[in-house]
Amino acid sequence: MVVGEKLVKDDVNLEEKYQKQKNLHILHSDKQNLRKNYQHTPKIVSSKDVNHSSLRRKTQQLLDHHNIYRTSISAKALEVEVEDEDRRKVKEALNAYEEIVNQSNKHNCWSYIEVARHLNEQGIWVNTIRKIGSIRGVKVGDMFRHRAQLTIVGLHRQPLRGIDFLRRKDGRILATSIVDSGRYSNNMPSSDTLIYSGEGGNCPFETTEPTNQKLKGGNLALNNSKEEGTPIRVIRKLKLSSGLCYVYYGLYIVEKVMRARERGKVVYKFRLGRYSGQPKLTFGYS
């Protein structure tokens, strides 16, 4: 082979080699561009890629929240409606009592009790089942002209005795309510505390010879309520500018049971504390 042919052949080989390298470089650049474009292209999500369980859970949470909100509003409206209905029944019973009393020419404790019994026979009484706690339709601060009205609305069933109680199925008695009528040496330094004297044997307003009080009846019921921590309704007889009346003070709990001596005899003393969160009363402290 001559030198000229060899040079021509070498040039051809170099040209082919250069062209191959150029093609490889272009191919590499295209791959990089395709990779960049792919990274910036929005990913199309198929139904297979969706976490349906998580989506259902979040949707259910939203529905539950909506249902709870809607239920709470409905329950609150129903509670107000029931409260108004209970209040209406109490007022109707008291109005029936007042109507008879105003038409009567007898105005004393026994005549008022007789009116209450008459209304009971007619089925006018409300809250007829003894219970512990608040009474439906009666609010803290409510005032009653006569003690007999307390029996009509179910606030205190005993027409004369100061301590009312119920008997459970197991035979144990628990106090439901007490009335501070001023017959015993009770003391209320503030609306949050009441020192209440037990019943029987040692009433300062009775002419009979005083005797030791015993832990039975209402006294035993108050003692049991202290042991079990059950609430007691407290009603006090007050002399206001409008006259004598009975005021519902709310729920109290027996904090302590004590024994003391008055007129030389044993008496029971019960210290009651008022439940917090109730409407404040600013009158009737001794």
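Heads up: these notes are all about the structure in this document. Predicted, not measured: the structure shown is a model, and the values here were computed from it.

## Thoughts on the nonpolar core
Note on soluble globular proteins: their nonpolar side chains tend to be buried together.
Part 1: Judged by nonpolar contacts, the single largest core of 22 residues is most densely connected at Ile178, Tyr196, Leu222, Ile232, Val234, Tyr249 and Leu272.
Part 2: When contributions to this core are tallied by element, the ones reaching two or more residues are strand 2 (163–167), strand 3 (173–180), strand 5 (193–197), helix 5 (217–228), strand 6 (232–240), strand 7 (243–262) and strand 8 (265–274).
Part 3: Counting residues per element, this core draws most heavily on strand 7, which supplies 5 residues.
Part 4: Val234 has contacts with Ile178, Leu194, Val247, Tyr248, Tyr249, Gly250, Tyr252 and Leu272, leaving out every residue within four places of it along the chain.

## Comments concerning empty space enclosed by the protein
Part 1: Under the counting rule described, the total for this entry stands at 1 cavity of 30 Å³ or more.
Part 2: The calculated volume of the largest cavity comes to roughly 40 Å³.
Part 3: In terms of lining, the largest cavity is formed by Asn127, Ile129, Arg130, Lys131, Ile135, Gly154, Leu155, His156, Arg157, Asp164 and Arg233.

## Re the environment of Asn186
Part 1: Of note, Asn186 is situated in the loop between strand 3 and strand 4 (187–190).
Part 2: Since its relative accessible area comes to 17%, Asn186 is described here as buried.
Part 3: The sequence separation of Asn186 and Ser197 amounts to 11 residues, and the corresponding C-alpha distance is 5.7 Å.
Part 4: Excluding residues within four positions of it along the chain, Asn186 makes contact with Asp180, Ile195, Tyr196 and Ser197.
Part 5: A polar atom in the side chain of Asn186 sits 2.7 Å from the side chain of Asp180.
Part 6: Side-chain polar atoms of Asn186 contact the backbone nitrogen of Ser197, separated by 2.7 Å.

## A few points about unusual backbone geometry
Part 1: Even without being glycine, Asn127 reaches a positive phi, approximately 55°.
Part 2: Of note, Asn127 is situated in the loop between helix 3 (109–121) and strand 1 (143–144).
Part 3: A positive phi angle, close to 55°, is found at Arg263, a residue other than glycine.
Part 4: Counting through the fold element by element, Arg263 comes out in the loop between strand 7 and strand 8.

## Describing helix 3
Part 1: Taking 1.5 Å per residue as the helical rise, helix 3 with its 13 residues ought to reach 18 Å, and the 19 Å between its terminal C-alpha atoms agrees with that figure.
Part 2: Its side-chain oxygen placed 3.0 Å from the backbone nitrogen of Trp110, Asn108 serves as the N-cap of helix 3.
Part 3: Positioned one or two residues after helix 3, Gly123 has a phi angle of 75°, which is positive.

## Brief notes about the environment of Arg271
Part 1: Take Arg271: it is sitting in strand 8.
Part 2: In sequence terms Arg271 and Met188 are 83 residues apart; their C-alpha atoms lie 9.7 Å from each other.
Part 3: Contacts of Arg271, omitting those with residues within four sequence positions, involve Thr193, Leu194, Ile195, Ile253, Val254, Glu255, Lys256 and Met258.

Cut-off values and rules
- What you see as residue numbers is a count from 1 along each chain, following the sequence as written.
- Per-residue local features are limited, in this predicted model, to residues with pLDDT of at least 70; the limit for side-chain atom pairs, both in listing and counting, is 80 or more; totals at the level of whole chains, interfaces and linings are taken over all residues.
- Based on all heavy atoms of the structure, the side-chain values leave hydrogens and waters out of the count.
- Buried Ala, Val, Leu, Ile, Met, Phe, Trp, Tyr and Cys residues form a nonpolar core when they are joined through side-chain atoms within 4.5 Å.
- Relative accessibility under 20% of the residue-type maximum defines a buried residue, over 50% an exposed one, and the middle range a partly exposed one, all with a 1.4 Å probe and only protein chains included.
- A helix here means a DSSP run of H or I that spans at least four residues, while a strand means a run of E at least two residues long, and both kinds are numbered starting from the N terminus.
- By definition in these notes, contact holds between two residues if any of their heavy atoms fall within 4.5 Å.
- Every definition here rests on a 1 Å grid over the protein atoms only: cavities are sets of points where a 1.4 Å probe fits but cannot get out, pockets are open sets enclosed by protein on both sides within 12 Å along at least five of seven lines, and lining residues have some atom within 4 Å of a point.
- Grid points are joined across faces, edges and corners, and a volume is the space filled by probe spheres set on the points.
- Polar contact is the term for a pair of N or O atoms within 3.5 Å; when the atoms are in protein, one must be able to donate a hydrogen and the other to accept it, and sequence-neighboring residues count only if both atoms are side-chain atoms.
- By definition here, a helix of n residues has an expected span of 1.5 Å times n minus one.

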